[in-house]
Amino acid sequence: MSSELLDTAGTLLRKLRSSYDELAVMINGIDSVMVKIVNNNVALKYSRKSYNVGLYLVKGRKVLILESSTSDLNQLSRAADDISKYVHIIEESELYAPLPEPRQVKPLGNLVDGNVVKYMGEPAKLCEVLINSAVNEGVERVSGILSLGVRSKALVSSNGFEGFEVGSEVSTYLRVFKGDYSGHWAYGSRFLDLKSIEDVGRTAAQYASYAKGFIDIPPGRYDVILSPLVVGNLMELVVSMTSAFNVLAGFSMFISKSLGDVVATDKLTLADVPRDIELSGSTSFDDEGVETYNKELISRGSLKTLLHNSKTARKFNTVSTGNAGWITPRPWNIAVAPGDSDVDEMVREVRNGLLISNNWYTRLQNYVEGAFSTVSRDAVLVIRDGEVVGNARRVRIADNLSRLLSNIWLVGRKCYLIKWWEVEVPSKVPYILVKDLNITKPFE
Amino acid sequence: MSEDLLNYVVDYSRSLGVKYSEARYQLDKYFTIILRNGKLVTLGTSINDGVGIRLVYDNVLTFSATNKLGRDELVGIVRDAVSRARATTHLVKTPTRFSDDVVSRGSYEVIPTKDFNSLDISEKVKLLAELHEVIVSSVKEVKVPTTYCEYVEHIQEKLIVNSDGGFVRGRVPRLLIILNLVLHHPQKGSIQRIIEFGASGGLELIDEWDLFKVVEEEVKNLEKSLVEGVEPPKEPVDVVLGPEVVGIIVHESAGHPMEADRILGRESAQAGESYVKPEYVGSYRIGSEYVTVVEDPTIPRSYGYYEYDDECIKARPRYLYKEGIIYEPLHNRQTAYVFGTRSNGSSRAMDYASEPLIRMSNTYFKPGDMEFEELIEDIGLGVYIKSYMEWNIDDIRWNQRYVGLESYLIVNGELRGYVRNPVLELTTAGLYSKVVGVDKNLRFYPGTCGKGDPPQGVPVWFGGPNIRLSKVRLGVTV
């Protein structure tokens, strides 16, 4: 497959080379199978086989980008010719920087798990494991997704870079219901681990089984234990704000910060980890052919770096961090460094608080100030004097991201591999205890 | 893509024993311009086309997609789908059945008055750069640290055939402009606004939107909100919501909970379920008699426009809530079968690689016949919330929050001064039960609605008139 994709990319590069000062060709392939489970029932089998071609074209510091699902080279050439007509009538890009000179890229090793490929042909067997892992814990209804796939990418550029990578991925999440209670868990990796698949159902079922009766809690400030699902969702937002393009475009609370500024308690170290091959976003080179490396974005509470491609790096007078995006730098995998606590210790630490097991719909009033809210779903456990005393119905965290980061009190030592609908970037994250978070509810 | 090839795929799948077969070719072509602070960052083109095939085999529903469009590739996709369905059938406890609808054979097309090619690219870039100048020149006391502008031309083409005799050909061009701006004051902090303009049609929309005037007025008011805005009253007051706020409210708490697949739990692990139960339909009161919410894909020039859905069902207006009563859910043929009714044409896919799902199109609160002045004339102390930034709602569409941006104090029937970040946090019944007045100024706003896994974003409009809520306690941001 490697030679086929690289040959296609190379042929396209040669075909267009004379028309542009610089160009890069990226071909992404996907072969995936997904099973949708609804109320213990297989509701849909989904499969997809496709290729997408991206062209990065520069002439006279003017930047054009073409993306196409077609693999027809003549059609792509025509599309490139069409877009090239714009070169003469537009201005130079504000963010132009030359494609970086290619350097040796250290490969990541084998990223394909044969078990993933095997189960792509028979996903029903894994579905049974998944469903039974929850049903055996006594829940009534089970819904979720099991997704298996192989992704490949080939990149060639006019300055001589040539790279190919192929990797498997598995992700699954399950939401389970037991009477008025529900629980949710997720897992995402490059490698299939049956125990982790079973843990998804078991953990979701455990949360649905914390049925101690609903307590009406008033709005106000609480110490809140955030589960890895919630930590994954919120840290994905924080990391997106470290993308230098988002800083430039006004979608970041780091717009007024400098490197070295304290932005969190020293309990938090947050990193982009493209070289962690357990996570399915792992890659050895970015979209500009720059070798990736693991990097702390927030190191013991201090802002250490933004995510850069060569364009934003030039604007910020620094070097690429290997996170291109031709226009927008992006994280590959997210990791929160483990702390020294565990969830039981956290519960014992809380006098008046909550454990929020899952959340969704995180939105901001103001990106540059970090004012946000997010809504709980599934189990919210009420904790008083170090013990779980009941359940709360749906509540909302309505606070400020800066304050949240500055109130992190305990970080779990165990990290979980999370990827699901509300955590799109593969993440390795623990439980976190945050002091004094503002909790709201509807007035009526 | 030839109709013959799609027909061949459908016929071939039938020969394998497939009970229902549907083949949809879809092309989505985008042209995008991105500017920051009025300066060009990049131009981009995206061409995404392929075929999505949906089959019901041995009670299993399958969806497969490919962008290799040869006959052999498509036949291979069908064979694989049937083979995987066969291996899964023992896990299917609820067979897939479709309602007995009359499918259509028809076509629809939006024809722009001014084609996308009627304006030179450099002129488009110039126009967008001028928007930045308008923003910067509209403020007096604050700085504009950044503006960001995305301009998107989108052409969508669909060709659909199914084994029940359905045939649909559709072509819709759409235009979307997104502006992000930040205003900053050294003592008062910052205010952020994302303004979107979107509809189906061509470049004539730019004139119709009156971009420069709308943006200039809004920026001037946002500056005053930042500099002069005060906290909302602490006691319960009458609150008037502008069309933009009403639009997002009906989308989130009328449209989504009335999607029949959510009601049945099909999205429970993703976008969630619904407070609505099947038995509520036709009898459950959710709001006052002023509350009528309509869903209509057939509004000409709308952002969510279509005439036939992706199951070849003729589109029509639907009353989600009628005079305060839960009235008609959005259905595809699968949910219609379960509810014992007919599909009302709500099935739509984002692109060729996406399964058709029940989606909103254009959702609005039905206007009344009052003027705005009449709506507020007897309010002694109240708040008018014209626009918003932060919003969210829980997964059963009950507990919702909207944080106002451009907002005013109402004193003795007149707008007097600005209110900063008023928070409306109510349940769905709490909100709709408080509606005591509706004016006649219906306006629509574009959005991209998310649902499903793999996630799908589809273009929608939402809107309404100004509406008045009685005695609401507003919160403040922390």
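Everything here concerns the structure above.
In short, a report on the structure. (Residues numbered from 1 in each chain as written. Chains lettered and ligands numbered in written order. Predicted model: local features only at pLDDT ≥ 70, side-chain atom pairs only at ≥ 80, totals over all residues. Heavy atoms only, no water.)

Quick look at the overall build of chain B
To be explicit about the condition: For the purposes of this entry, the term helix denotes a DSSP run of H or I that reaches at least four residues, the term strand denotes a run of E that reaches at least two, and both are numbered from the N terminus. Both definitions apply: the radius of gyration is a C-alpha atom measure, and the globule rule equals 2.2 Å times residues to the power 0.38. When checking whether two residues touch, look at their non-hydrogen atoms; a contact exists if any pair is within 4.5 Å. The protein chains shown are the only cover counted for residues, whose accessible areas, like all others here, come from Shrake-Rupley with a 1.4 Å probe. In this count, Lys and Arg are taken as positive residues and Asp and Glu as negative ones, while His and the chain termini are left out. Where a charge sits is defined by one atom per residue type, namely NZ (Lys), CZ (Arg), CG (Asp) or CD (Glu).
Assigned secondary structure in chain B consists of 10 helices and 25 strands. Relative to the globule expectation of 23 Å for 478 residues, the C-alpha radius of gyration of chain B, 24 Å, shows essentially globular dimensions. Considering only contacts in chain B between residues 6 or more positions apart, those separated by 24 or more positions represent 75%. In the structure as shown, chain B presents an accessible area of about 16,200 Å², 48% of it carried by carbon and sulfur atoms. The distance from the centre of the 56 positive side-chain charges to the centre of the 68 negative ones in chain B is 2 Å.

Description of the packing of aromatic side chains
Note the threshold: Only rings of Phe, Tyr and Trp enter the pairing, Trp through its six-membered ring, and a pair is recorded when the two centres are within 6.5 Å. The plane angle decides the type: under 30 degrees is stacked, over 60 is edge-to-face, the rest tilted. Sitting over a ring, as applied to charges here, requires NZ of Lys or CZ of Arg to be within 6 Å of the ring centre and within 35 degrees of the ring normal.
In total, this model carries 31 aromatic pairs over all chains according to the counting rule given. The interplanar angle of 25 degrees and the centroid separation of 6.2 Å between the aromatic rings of tyrosine 384 of chain B and tyrosine 408 of chain B together place this pair among those described as stacked. Of this pair, tyrosine 384 of chain B sits in strand E15 (residues 381-385) while tyrosine 408 of chain B sits in strand E18 (residues 407-411), and the two are 24 residues apart along the sequence. Here phenylalanine 444 of chain B and tryptophan 461 of chain B contribute two aromatic rings whose centre-to-centre distance is 4.8 Å and whose plane-to-plane angle is 10 degrees, an arrangement assigned as stacked. Of this pair, phenylalanine 444 of chain B sits in strand E22 (residues 443-451) while tryptophan 461 of chain B sits in strand E23 (residues 456-464), placing them 17 residues apart in sequence. Among the aromatic residues, those joined into a cluster by ring pairs are Trp185, Tyr207, Tyr210, Tyr416 and Tyr431 of chain A. If you follow arginine 141 of chain A out to its NZ or CZ, it ends over the ring of phenylalanine 177 of chain A, 4.0 Å from the centre. Taking the ring centre of phenylalanine 285 of chain A as reference, the NZ or CZ of lysine 153 of chain A above it sits at 4.3 Å.

Some points on the nonpolar core
Short version of the rule: To qualify as a nonpolar core, a set must consist of buried Ala, Val, Leu, Ile, Met, Phe, Trp, Tyr and Cys residues joined through side-chain atoms within 4.5 Å. Throughout, exposure labels follow a simple rule: accessible area from a 1.4 Å probe, protein chains only, divided by the maximum for the residue type, with under 20% read as buried, over 50% as exposed, and the rest as partly exposed.
Ranked by size, the top nonpolar core spans 264 residues in total, and within it Val25, Ile298 and Leu405 of chain A together with Leu183, Leu241, Tyr321 and Leu424 of chain B carry the most contacts. Each residue touching leucine 405 of chain A, except ones within four places of it in the same chain, is listed here: Met235, Val238, Met253, Val263, Ala264, Thr265, Leu268 and Ile298 of chain A. In this structure, Leu95, Val105, Phe251 and Phe285 of chain A belong to the second largest nonpolar core, which totals 22 residues.

Describing the interface of chain A and chain B
For interface size, the figure often reported is the accessible area lost on association. The condition that has to hold: Accessible area, probed at 1.4 Å, shrinks when two parts are joined; the buried area is that loss added up over both. Here, a salt bridge means any Lys or Arg side-chain nitrogen found within 4 Å of an Asp or Glu carboxyl oxygen. Contacts described as polar in this section are N or O atom pairs within 3.5 Å, which, within protein, must combine one atom able to donate a hydrogen with one able to accept it, while residues neighboring in sequence count only if both atoms come from side chains. For this classification, the nonpolar set comprises Ala, Val, Leu, Ile, Met, Phe, Trp, Tyr, Cys and Pro, the charged set comprises Asp, Glu, Lys and Arg, and every other residue, Gly included, is treated as polar.
Each partner contributes to the interface: chain A provides 85 residues, whereas chain B provides 91 residues. Summed over both partners, the interface of chain A with chain B comes to about 7,600 Å²; 51% of that surface belongs to carbon and sulfur atoms. In this assembly, chain A and chain B are joined by 8 salt bridges. Taking the shortest distance from any N to any O, the salt bridge between aspartate 80 of chain B and lysine 49 of chain A comes out at 3.9 Å. At the surface where chain A touches chain B, the tally comes to 65 residue pairs in polar contact (both at pLDDT 80 or more). With 12 residues, strand E2 (residues 41-59) of chain A is the largest single contributor of residues to the side of chain A that touches chain B. The residue inventory of the side of chain A that touches chain B, partitioned by class, reads 43 nonpolar, 20 polar and 22 charged.

By themselves, these observations are geometric and do not establish any function.
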